[in-house]
Amino acid sequence: MNATSFEPTPDPDRAPDDAAGPGRVVLLTTSHRVAPGLLSWPAWQTLRTADRIVCADGAHPQLPYLREAGLTVDGASPSAAELVDACAGGRTVVVVAAGEGEPALTDGLARLAGSGRVAMPELELLPASYDLPGARLLDLVQVMDRIRLACPWSSRQTHKGLAKYALEEAYELVEAIEDGDRDELREELGDVLLQVVFHSRIAEDDPEAPFSVDDVAAGIVTKLIHRHPHVFGDGTARTPEEVRETWLRTKAVEKGRLSVTDGVPVGQPALALAAKLSSRVRAAGLDVPLPAGDGPGYDLLALAVRAEADGVDPEAALRAAARAYRDAVRLTEEQARRK
């Protein structure tokens, strides 16, 4: 549908109504992240009582639903002056805004208001639908889908090919956390989130066992609810320790594990692996002596177990010490250059 001309038809017989004032312009905005037709009650009330509804975008997703509701929508693109004239006599004109808004129209209305020579109608911005928390994730899914289809590099990626990037982004996230840089933290969280969405999009193309990001989200939602009976059920957990015990117990039942070591990835950094095993053993109340042996490996194992028992992450502790060592190296190098 092409936008038609906008022709306010002044009616001299409406002279008595002029006392009603210059009328009202309502700019109705909607979110593309909310299904069309799901509008707020104030929006529907305004639309049903409006004297005229206009929408310059003939492909606007709300149009079929407005017309299904019995509303007449003009495919017009009025100028600011035409819109002001159409509101004369106390009329209300609703402008269904395009996705990018109506900057030309609003700028024109601002100029008329600033001139001081025009009796301006009441101007109202009415959001008809609002983004829920997490709505921007829909944008990410859509962008990733387009990239997967159109980008020569992204379209050829596999889970195995991307695996190294997941590790890199995770380490960069940890570094941002340790640095305390909030801007960097937000960016690195986005990079980690991208890995999840990217792998999920790749999984959609699998010919034998496809799944989508919705399946991934549904799975983690189910898991979180099941493992938090003290939040979503009638379970009780008053301390962080009780929450952890519930989590591990529920997880063991879900996985059908026979050993506390089941599910501990041995490919993780060695100190983290030692700490994870120690944590599992301690949580299970097992008394397992450390293996006897000579050499730095056994010494490091003992240190990692002791650190974990004291509530210290040995991996983070060593990383902090290594960063201090790095800074000392740079300082020494800088001093050497100054000589």
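Analysis parameters
- Residues numbered from 1 in each chain as written.
- Predicted model: local features only at pLDDT ≥ 70, side-chain atom pairs only at ≥ 80, totals over all residues.
- Heavy atoms only, no water.
- Core = buried A, V, L, I, M, F, W, Y, C linked by side-chain atoms within 4.5 Å.
- Buried < 20%, exposed > 50% of the residue type's maximum accessible area, 1.4 Å probe, protein only.
- Helix = DSSP H or I, 4+ residues; strand = E, 2+ residues; numbered from the N terminus.
- Contact = heavy atoms within 4.5 Å.
- Pairing = 2+ DSSP bridges.
- Axes fitted to C-alpha atoms, helices over the stretch in contact; angles between N-to-C directions.
- Parallel < 35°, antiparallel > 145°, perpendicular 65-115°, else oblique.
- Left-handed = near helix turned anticlockwise from the far one by under 90°.
- Nonpolar A, V, L, I, M, F, W, Y, C, P; charged D, E, K, R; others polar.
- pLDDT = per-residue confidence, 0-100.
- Salt bridge = Lys/Arg side-chain N within 4 Å of Asp/Glu carboxyl O.
- Patch = residues over 30% accessible without salt bridge, like charges linked within 9 Å, V, L, I, M, F, W, Y side chains within 5 Å.
- Areas by Shrake-Rupley, 256 points an atom, 1.4 Å probe, with all protein chains shown as cover.
- Lys, Arg positive; Asp, Glu negative; His and termini not counted.
- Charge placed at Lys NZ, Arg CZ, Asp CG, Glu CD.
- Expected span 1.5 Å × (residues − 1).
- Arc of directions from axis to C-beta.

A. Seen up close, the nonpolar core. L28, L39, L47, I53, L66 and V94 are the most contacted members of the largest nonpolar core, which has 17 residues in total. Going through the elements one at a time, β1 (24-29), α1 (41-49), α2 (63-68) and β3 (92-96) are the ones with two or more residues in this core. For this core, the element with the most residues is α1, which contributes three residues. The contact partners of L47, leaving out residues within four places of it in the chain, are L28, L39, I53, L66, L71 and V94. Counting residues in each nonpolar core, the second largest holds 15 residues, with V84, A86, L109 and M120 among its members.

B. View of the pairing of β1. Pairing between β1 and β3: five bridges, direction parallel. Within β3, the residue paired with V26 across the bridge is V94. Pairing of β1 with strand β4 (residues 122-127) involves six bridges; the strand directions are parallel. What sits directly across from L28, in β4, is L126.

C. How the structure looks around the side chain of S212. Along the chain, S212 falls in the loop between α7 (182-204) and α8 (213-226). Sequence-distant contacts of S212, defined by excluding residues within four places in its chain, comprise S200 and E204.

D. Structural view of the packing of helix α6 (residues 159-179) against α7. With their axes 9 Å apart at the nearest point, α6 and α7 run at an angle of 160° to one another. In terms of axis orientation, α6 runs roughly antiparallel to α7. Seen from above, α6 lies across α7 with left-handed handedness. Facing α6, whose interface residues are H159, L162, Y165, A166, E169, A170, E172, L173, A176 and I177, α7 presents E184, L185, E188, L189, D191, V192, Q195, F198, H199, I202 and A203. Along the lines of polarity and charge, the residues of the contact of α6 with α7 split into 13 nonpolar, three polar and five charged.

E. Representation of the confidence of the model for the protein chain in the model. When pLDDT is averaged across the protein chain, the result is 89; 94% of the residues are at 70 or more. Looking across the protein chain, the model is least confident in helix α10 (residues 240-255), with a mean pLDDT of 82, and most confident in α7, with 96.

F. Region of the structure containing the sheet that holds β1. If you trace the four strands from one edge of the open sheet to the other, you get β2-β3-β1-β4, paired in parallel fashion. Strands with a single pairing partner mark the edges of an open sheet, and in this sheet they are β2 (52-54) and β4. Strand-to-strand twist in this sheet, taken as the mean axis angle between neighbours without regard to direction, amounts to 20°.

G. Structural detail: the pattern of salt bridges. Taken as a whole and assessed by the stated rule, the structure comprises 17 salt bridges. E178 is the salt-bridge partner of R319, the closest N and O atoms lying 2.8 Å from each other. In this pair, R319 sits in helix α13 (residues 314-338) while E178 sits in helix α6, placing the two residues 141 residues apart along the sequence. By relative accessible area, which is 33% here, E178 ends up partly exposed. Put simply, E308 and R282 hold a salt bridge, and the shortest N to O gap is 2.4 Å. Residue E308 is found in helix α12 (residues 296-309), and its partner R282 is found in helix α11 (residues 270-283); the two are separated by 26 residues along the sequence.

H. A look at a negative patch on the surface. A cluster of acidic side chains, namely E168, E172, D181, E184 and E187, defines a negative patch on the protein surface. Going through the elements one at a time, α6 and α7 are the ones with two or more residues in the negative patch.

I. Molecular detail of helix α4 (residues 103-115). Taking 1.5 Å as the rise per residue, α4 with 13 residues should run 18 Å; its terminal C-alpha atoms sit 18 Å apart, in good agreement. Of the positions making up α4, those classed as buried are L105, G108 and L109. Down the axis of α4, the sector holding all buried residues measures 100°, keeping them to one side. Residues of α4 that are exposed and point over 90 degrees away from its buried face: R111 and G114. Looking at the packing, one finds that the buried side of α4 touches α3 (80-86), β3 and β4. Looking one or two places after α4, you find G116, whose phi comes out positive at around 75°.

J. Molecular detail of the pairing of β3. Where burial is concerned, most of β3 is hidden: five out of the five residues are buried. Here β3 shows no split at all, with T92, V94 and V96 on one side and V93 and V95 on the other all buried. Sheet topology places β2 next to β3; three bridges connect them, and they run parallel. From the neighbouring strand, R52 faces β3, where its bridge partner is V93.

K. Structural view of the environment of A302. For A302, the position within the fold is in helix α12. Accessibility expressed as a relative area gives 33% for A302, which makes it partly exposed. Between the C-alpha atoms of A302 and F198, which are 104 residues apart in sequence, the distance is 39 Å.

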